[in-house]
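Structural description and commentary
This is what each chain is made of:
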Amino acid sequence: MRDTGDCRYSILILCLLGTACRPAVADEGSDAISSTAELLPLSWEELTELDVSGLARRQQSVKDSPAAAFVITGEDIRRSGANSLPDVLRMVPGMNVAKINASNWAVSARGFNDLYANKLQVMIDGRSVYDPLISGVYWGQQNPALQDIERIEVLRGPSGTLWGANAVNGTVNIVTRSARDTQGGLLYGGGGTEERGFGGVRYGGQLADGVHWRGTLNAVNRDASARLNGAGDTADYMNAQNANFRLDGQTGERDQWMLEANVARYRLQGDYIGVTSIDPPAWRSDDFGRDGVTGSLQGDWRHRAESGHDWRLNMAFTQTEWTLAMNRMSRSQYVLDWQDSLPSDGAHHWLWGLNYQMINDRFDNTLTLSFLPAEFTQHNVGLFLQDQIDLGEDVKLTLANRVEHFTYTGWETEPNARLIWTPDRRHSLWAAISRAVVLPNRAQHSIRLYKTIPGTDRFFEAIANPHMLTENLMAYELGWRWQATDTFDIDTALFYNIYDRMQGTRFTGQVFNDPIPGTLEATVGNERQVKSYGLEVSANYRVNHDWRLQASYSANQFDIEYDRSQSWLRDPLTEQHFNPSHQLSLRSLFNLTSEIELDAWARYVDRLYVDQREIPDYITLDLRLGWHPHRNLEFSVSGQNLLDAYHPEFSDILYIQSVSQLQRGYFAQVSWRF
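None of the values given here were measured: they were computed from a predicted structure.

Let us now look at the overall build of the chain. A count of helical and extended segments in the chain gives 8 helices and 40 strands. Look at the contacts in the chain between residues 6 or more apart in sequence, and 63% of them connect residues 24 or more apart.

Turning next to unusual backbone geometry. A cis amide bond links Leu372 to the next residue, Pro373, at an omega of 0°. Within the fold, Pro373 resides in the loop between β20 (369-371) and β21 (375-390). In this model, Arg110 sits at a positive phi of 55°, which is unusual for a non-glycine residue. By secondary structure assignment, the location of Arg110 is in the loop between β3 (105-109) and β4 (120-124). Although it is not a glycine, Asp125 sits at a positive phi angle of roughly 55°. When you line up the elements, Asp125 lands in the loop between β4 and β5 (127-128).

Turning next to the pairing of strand β39 (residues 660-663). Summarising the sheet, strand β11 (residues 226-227) and β39 pair through 2 bridges and their orientation is antiparallel. Each bridged residue has a counterpart across the sheet, and for Ala226 the counterpart in β39 is Gln661. The pairing of strand β38 (residues 646-647) with β39 spans 2 bridges and is antiparallel. Its bridge partner lying in β39, Tyr646 is registered against Gln663.

This brings us to the layout of surface pockets. The computed volume of the second largest pocket comes to approximately 900 Å³. Contributing elements (two or more residues each) for the lining of the second largest pocket: α4 (74-80), β8 (184-192), β9 (195-208), β10 (211-222), β37 (633-640) and β40 (665-673). Here the element with the most residues in the lining of the second largest pocket is β40; it accounts for 5 residues.

As a further point, take the packing of aromatic side chains. Here the structure, examined in full by the defined rule, presents 19 aromatic pairs. Between Phe112 and Phe558 the ring centres are 5.5 Å apart and the planes differ by 80°, which places this aromatic pair in the edge-to-face class. Placement of Phe112 in the loop between β3 and β4 and of Phe558 in strand β31 (residues 547-561) is noted, with a sequence separation of 446 residues between them. In this structure Phe112 comes out as buried when scored by relative accessible area, which is 7%.

This next bit is on empty space enclosed by the protein. To locate leftover empty space, one rolls a probe as large as a water molecule over the atoms. Under the criterion given, the structure shown has 13 cavities of 30 Å³ or more. Tyr116, Gln503, Thr505, Leu654 and Tyr655 are the residues nearest the centre of the largest cavity, which is lined by 46 residues in total. Listing elements by their share of the lining of the largest cavity, those giving two or more residues are β17 (310-324), β20, α7 (442-446), β26 (447-452), β27 (459-463), β29 (488-512), β30 (519-544) and α8 (574-578). Looking at the lining of the largest cavity residue by residue, the class counts come to 28 nonpolar, 10 polar and 8 charged.

The subject of this paragraph is the nonpolar core. Burial of nonpolar side chains together is a common tendency in soluble globular proteins. By size, the foremost hydrophobic cluster in this structure holds 40 residues, and its most contacted members are Leu133, Trp322, Phe371, Phe460, Phe507 and Phe650. Mapped by element, the contributors of at least two residues to this core are β12 (238-251), β13 (255-268), β17, β20, β26, β27, β30 and β34 (608-610). When residues of this core are assigned to their parent elements, the largest contribution, 3 residues, is made by β13. Dropping the residues within four chain positions of it, Leu133 is found in contact with Tyr138, Trp322, Met329, Arg331, Phe363, Phe371, Asn441, Arg442 and Ala443. Ranked by size, the runner-up nonpolar core spans 27 residues in total, among them Met95, Leu120, Trp139 and Leu146.

Taken together, 5 strands build an open sheet; the order of strands is β1-β6-β7-β4-β5 and the sheet is mixed. This sheet does not close on itself; its edge strands, each paired only once, are β1 (68-73) and β5. Relative to strand β7 (residues 170-176), strand β6 (residues 149-156) runs antiparallel, the two sharing 7 bridges. Within β7, the residue paired with Arg156 across the bridge is Gly170.

For the rest of this paragraph, the subject is the confidence of the model for the chain. Across the chain, the average pLDDT comes to 88, with 90% of residues at 70 or higher. Segment residues 1-37: pLDDT under 50, and 69 contacts once partners within four positions in sequence are set aside and those in other chains are kept.

Parameters and conventions
- Residues numbered from 1 in each chain as written.
- Predicted model: local features only at pLDDT ≥ 70, side-chain atom pairs only at ≥ 80, totals over all residues.
- Heavy atoms only, no water.
- Helix = DSSP H or I, 4+ residues; strand = E, 2+ residues; numbered from the N terminus.
- Contact = heavy atoms within 4.5 Å.
- Pairing = 2+ DSSP bridges.
- 1 Å grid on protein atoms, 1.4 Å probe; cavity = no way out; pocket = protein on both sides within 12 Å on 5 of 7 lines; lining within 4 Å.
- Points joined across faces, edges and corners; volume = space filled by probe spheres on them.
- Phe/Tyr/Trp six-rings, centres within 6.5 Å; stacked < 30°, edge-to-face > 60°.
- Buried < 20%, exposed > 50% of the residue type's maximum accessible area, 1.4 Å probe, protein only.
- Nonpolar A, V, L, I, M, F, W, Y, C, P; charged D, E, K, R; others polar.
- Core = buried A, V, L, I, M, F, W, Y, C linked by side-chain atoms within 4.5 Å.
- pLDDT = per-residue confidence, 0-100.

Here it is in structure tokens:
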């Protein structure tokens, strides 16, 4: 499945370093697109001044953050050649991203990767897209126009104090551009071998003084992935369409507001084995595809009072409707979030807030998959308080706590203590101790599922556990940022995590003959303890005005305790086997001329062992060539996964019957601003 190693490594090195053979010939007076040089000439200080206020809940730069913070800029996204959010996140150190098939990804931070990775909170403009049914993100349903994204803010490690439950191993906030910054028109489109067709149109204008609007329509169509044996495809085609409308306004000097509406339709195909009758039992390979629509309405209002208070109110409503071959769901979700930054009181800087969430869902149950009760409502409330204390000019201590009450588990608390020391402009050291929790989901509390046991011809019935508790994390972190020279910097983070009451699915010993003879009973519980520790390093080297290198490395190890006398449905060493021990990424962003860009991205991912199947380690290379004949016109061609004709990245045969491989792909794209 893989080419000869020596040849492949040689090609990788030549592609990344060969760009140095041509001298830079920048022409600052040319009419090349203005954003082409947006990132490359920045100094380390300017790069680390990038904002992470969406995650910190107050104005804060990367270098002042006592956490493992990383920002992906809009320019990073454009020059990556990526066409999906998960692929963009591959550049973040410590992030685990693996494509399962054409429309499903496993995405997590600091391990614990899975189709339903439950420890990564993901938001778009502060609105959570974390799914309360399965505890995770359906990435195939998230297809915003990447051209509308201003930046992606990522914090590895717990931030539950500020963002509540499930912000355990990381938090991602996707910040879209304001309507004010997207005036005029944008038309783009392209296609290729795997990205069969994609495109969009955007236009923005001004309604009145201080009030701007923007509308975006975009669509994507992806080809099916290849079968593991290379014989044909897995019929997991996907297509999605997205419509977005946004208003941004400024009322006087003290009030800013935003109103955003989004509608997404998606058709994600695949296979699932389901029970179709019980007399006699009949089984068939059903369409696993998800045919759904999600709509959201979000408002944000910020007011700066004369007294010094800076408060912010965010309201969001999300309606989700989807149909599977074995179930149908309708869900309404309401969120209200309010925060207040108090006037500084000497060395103290106080921040506090309240949040409320209501989730109501309804299911049309079948024999294969059902939820009892079929309709249920959750009410979750929380309160947080944070004090940032100036211990000196170069030392800051942050103490915070969040108290929440959940329908499933009652009261939980998530305290946090962080210290940062900046002895000079070239060094920044920080340390943190945090507690965070993962909520049990609707499925764990109410599911009834019939399914084949992976690797066998027997069946199991998964039953709910209404006594499921939260998974708990105690995290210990250390970080160091060092600007070695004016053109070279390093950002390092160490962590040691202790997870208690971790979920695990085991067989109970019960055997049923109705409706399927010999059916084994399985249930989920808080069965295990997991400890993990690791290292994350990222580095930036600005070779010259036109060439920047970005590298990252992460290592992660696990120590797992569980009852070896039990019979487990899935590997109880999930974390140890499902996650790569080592990952390496190297990006080269090079301006050949003022009009032509050549970008390369190489990645190494260590091997996995998932569902009794080894996923070999792999090295992959992406290349992108961009041309700007005019400042408003761009052409580009990209090649992805160039070192292998095929390679697998993950497997989840418990939910997705067909194991897929990623294929080498090529596509071209054009964009025009008007």
